[in-house]
Structure formats: C-alpha cells, structure tokens
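Each chain, written out:
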Amino acid sequence: MAFEDLKKEVSVIVSKTTLPTKDRLTEICDALRTSIPYYNWVGFYFANHDTQTLHLEAYAGEPTEHTVIPFGKGICGQVAVSNENFLVEDVAAQDNYIACNIHVKSEIVVPLFKEDKNIGQIDIDSNTPNAFTEDDERFLEFVCTQVSTLLL
Ligand code: SME
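Residues numbered from 1 in each chain as written. Predicted model: local features only at pLDDT ≥ 70, side-chain atom pairs only at ≥ 80, totals over all residues. Heavy atoms only, no water.

## Remarks on helix H3 (residues 74-82)
Restricting attention to buried positions, one finds in H3 the residues Gly-74, Ile-75, Cys-76, Gly-77, Val-79 and Ala-80. Considering only its buried residues, H3 is in contact with strand S1 (41-48), strand S2 (53-60), strand S3 (68-70), strand S4 (86-88), strand S5 (106-114) and strand S6 (117-126). Looking one or two residues past H3, Asn-83 carries a phi angle of roughly 65°, positive in sign. (Buried < 20%, exposed > 50% of the residue type's maximum accessible area, 1.4 Å probe, protein only. Helix = DSSP H or I, 4+ residues; strand = E, 2+ residues; numbered from the N terminus. Contact = heavy atoms within 4.5 Å.)

The structure is reproduced here in structure tokens:
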C-alpha cells in the first residue's frame, strides 16, 4: 500500500474515539506492519521523564523483552535524548544498539512530540538491510503527529 493511502488509514484509526488509546496504537502498528512488507516490527515507546526510561505501550510483530529502555541506551534511548530521527542502515555496525531479534538488519526511530516535548517514539525494525529512506521518515513523522493528537 502506498504511504498516501496508509496515511488515510492511520487518520481513521486515530479518530476512533470510542476505542481506548492503547487499542488505537496497536491498530496503527498492525496496519503499518501488514501494509509495508519491510516493516517487520512496529512499536510505540513512551517516555517517563522522572525515571528517564522508555516504556513499550503497543506493538505489532514478535514480542520483545525490551519493554523498558533507559534514556541513552540503544537506538531508542538515543532518540529519547537527541530528539532527532535515527535511521540505521546496518544494525550490526552500531555500538549502542539493543538487539531484539537476530533477523533484524536495519531500523528507524522517529520521535513523537507533544507541545514540543519529546514524549515517545515510533520504532520500526526491518529484516531487510538498509530498508528505510526519507519517504519513511516523512511518513512516520506524519504518524507521530497524528498520534500526538490522541494523547492527553
Ligand atoms: N533495537 C532497539 C530496541 C528496541 S527493539 O528494536 C524492539 C534499540 O536499539 O533501541
């Protein structure tokens, strides 16, 4: 499915106000994972700024034991402090990386802002090397902006 169609689908899911937020986040993860062949794992982590940790709130794909990640640790933890998108062409070349699954070859993490504060992120793992481009960045920025509207 093209990103433009998927954007519409994401907007529809976000607007399902009768569904709990967590369910809507899971639906978005499922929609992205089933629509884009190289999105093998899709998840949302949210930040606890008091404890300086990220917490997995919703995901699609294999379960992971990394449900809590300290700020600064791994690709996700680095994005919690950098506030910038992180595209990893080859996860094996990263020193500060937390492996969730041996099949993963590349990864993208895009921060999620609410009122200019970095409150979480979307994380995508791919089993395809160097899978992500600027088109994924722009699409995932759209998803994060949409999701920020459904959070308190
Ligand atoms: N690879 C991530 C950890 C989360 S898993 O991909 C689900 C990282 O290095 O932060």
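## Topic: the site of the ligand
Trp-41, Tyr-45, Ile-69, Gly-74, Ile-75, Cys-76, Tyr-97, Ile-98, Cys-100, Glu-107, Asp-123 and Asp-125 make up every residue found near the ligand. Between Ile-98 and the ligand, the recorded distance is 2.7 Å, taken from a backbone N or O atom to a nitrogen atom. Relative to its unbound accessible area of 300 Å², the ligand is 100% covered by the protein chains. More than half of the atoms belonging to the ligand lie within 2 Å of the grid points that define the largest cavity. For the shell around the ligand, the elements supplying multiple residues, two or more each, are S1, H3 and S6. Partitioned by chemical class, the residues of the shell around the ligand number 8 nonpolar, 1 polar and 3 charged. (Near = heavy atom within 4 Å. Polar contact = N/O pair within 3.5 Å; in protein donor to acceptor, adjacent residues only side chain to side chain. Areas by Shrake-Rupley, 256 points an atom, 1.4 Å probe, with all protein chains shown as cover. 1 Å grid on protein atoms, 1.4 Å probe; cavity = no way out; pocket = protein on both sides within 12 Å on 5 of 7 lines; lining within 4 Å. Sits in = over half its atoms within 2 Å of the grid points. Nonpolar A, V, L, I, M, F, W, Y, C, P; charged D, E, K, R; others polar.)

## Looking at unusual backbone geometry
One non-glycine residue, Glu-115, adopts positive backbone phi at about 50°. Residue position: Glu-115 is located in the loop between S5 and S6. Judged by its relative accessible area of 74%, Glu-115 is exposed. Non-glycine residue Asp-116 carries a positive phi angle of around 70°. In this fold, Asp-116 is placed in the loop between S5 and S6. Among the residues examined, Asp-116 registers a relative accessible area of 77% and is labelled exposed.

## Focus on the packing of aromatic side chains
The full count for this structure, using the stated rule, is 7 aromatic pairs. Look at Tyr-38 and Tyr-39: their rings are 5.2 Å apart centre to centre, the planes differ by 85°, and that puts the pair in the edge-to-face class. Connected via pairs of aromatic rings, a cluster forms that spans Tyr-38, Tyr-39 and Phe-132. The ring of Phe-142 has Lys-7 sitting right over it, with the charged end atom 5.1 Å from the ring centre. (Phe/Tyr/Trp six-rings, centres within 6.5 Å; stacked < 30°, edge-to-face > 60°. Lys NZ or Arg CZ within 6 Å of the ring centre and 35° of its normal.)

## As for the environment of Ile-124
With respect to the secondary-structure elements, Ile-124 resides in strand S6. Beyond its immediate sequence surroundings of up to four residues, Ile-124 is in contact with Leu-32, Tyr-39, Trp-41, Val-42, Ser-106, Glu-107, Ile-108, Phe-132 and Leu-140.

## Quick notes on the nonpolar core
Core analysis: the biggest nonpolar cluster contains 32 residues, and Leu-32, Tyr-39, Phe-44 and Ile-122 have the highest contact counts within it. Those elements that provide at least two residues to this core are helix H1 (3-14), helix H2 (21-35), S1, S2, S5, S6 and helix H4 (134-149). Counting 16 residues, the second largest nonpolar core, distinct from the first, contains Leu-54, Ile-75, Tyr-97 and Val-104. (Core = buried A, V, L, I, M, F, W, Y, C linked by side-chain atoms within 4.5 Å.)

## A short note on the pattern of salt bridges
Applying the stated criterion across every chain yields a total of 5 salt bridges. Salt-bridge contacts for Lys-16 lead to Glu-27; the nearest nitrogen and oxygen are separated by 2.9 Å. Here Glu-27 lies in helix H2 and Lys-16 lies in the loop between H1 and H2, a separation of 11 residues in the sequence. Judged by its relative accessible area of 32%, Lys-16 falls in the partly exposed class. Of the charged contacts in the structure, one is a salt bridge between Arg-138 and Glu-141, with a shortest N-O distance of 3.0 Å. Placement of both Arg-138 and Glu-141 in helix H4 is noted, with a separation of 3 residues, approximately one turn of the helix. The exposure class assigned to Arg-138 is partly exposed, which follows from its relative accessible area of 43%. (Salt bridge = Lys/Arg side-chain N within 4 Å of Asp/Glu carboxyl O.)

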